[in-house]
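# Summary of structural features
Each chain is listed here by its residues.
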Amino acid sequence: GRAAIVPGDPDASELLVRVEAHDDDLAMPPAASKRPKLTVQEIAVLRQWISQGAEYQGHWAFLPVADSSP
């Protein structure tokens, strides 16, 4: 499969392929979810974020516990 996000290359990022898709088999969110498609502005923000390197930090709940004792 393709990478969901390719930092610096929005056109190679499957995320954008899916949110911009007009084919119901590929489109995200899927039609069956009854959720609205992303707006043009929301997609532009994703495209810009990916173009700028798509820096991402995992959710704190899924990061390893760090020892905070002095």
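In this report, we go over the structure that sits alongside the text. (Residues numbered from 1 in each chain as written. Predicted model: local features only at pLDDT ≥ 70, side-chain atom pairs only at ≥ 80, totals over all residues. Heavy atoms only, no water.)

## A word on helix 2 (residues 40-51)
In a regular helix each residue adds 1.5 Å, so twelve residues correspond to 16 Å; helix 2 covers 16 Å between its end C-alpha atoms and thus fits that length. One or two positions beyond helix 2, positive phi appears at Gly 53, with a value near 115°. (Helix = DSSP H or I, 4+ residues; strand = E, 2+ residues; numbered from the N terminus. Expected span 1.5 Å × (residues − 1).)

## Comments concerning the pattern of salt bridges
What the rule picks out here adds up to four salt bridges. Two residues, Asp 11 and Arg 47, come together in a salt bridge whose shortest N-O distance is 3.0 Å. With Asp 11 in the segment before helix 1 (14-19) and Arg 47 in helix 2, the pair connects residues that are 36 residues apart, well separated along the chain. Judged by its relative accessible area of 58%, Asp 11 falls in the exposed class. Glu 20 is paired through a salt bridge with Arg 47; the nearest N and O atoms lie 3.1 Å apart. Of this pair, Glu 20 sits in the loop between helix 1 and helix 2 while Arg 47 sits in helix 2, and the two are 27 residues apart along the sequence. For Arg 47, a relative accessible area of 25% corresponds to the partly exposed category. (Salt bridge = Lys/Arg side-chain N within 4 Å of Asp/Glu carboxyl O. Buried < 20%, exposed > 50% of the residue type's maximum accessible area, 1.4 Å probe, protein only.)

## A few points about the nonpolar core
The biggest cluster of nonpolar side chains holds five residues, and these are Leu 16, Val 19, Ile 43, Ile 50 and Ala 54. Looking at this core, the elements with two or more residues in it are helix 1 and helix 2. Residues in contact with Leu 16, not counting those within four places in the same chain, are Pro 10, Ile 43, Leu 46, Arg 47 and Ile 50. (Core = buried A, V, L, I, M, F, W, Y, C linked by side-chain atoms within 4.5 Å. Contact = heavy atoms within 4.5 Å.)

## Structural notes on the side chain of Glu 14
The residue Glu 14 is located in helix 1 in this model. A distance of 3.1 Å separates the side chain of Glu 14 from the side chain of Arg 2, its partner in a polar contact. With near-sequence residues (within four places) excluded, Glu 14 lies in contact with Arg 2, Ala 3 and Ala 4. (Polar contact = N/O pair within 3.5 Å; in protein donor to acceptor, adjacent residues only side chain to side chain.)

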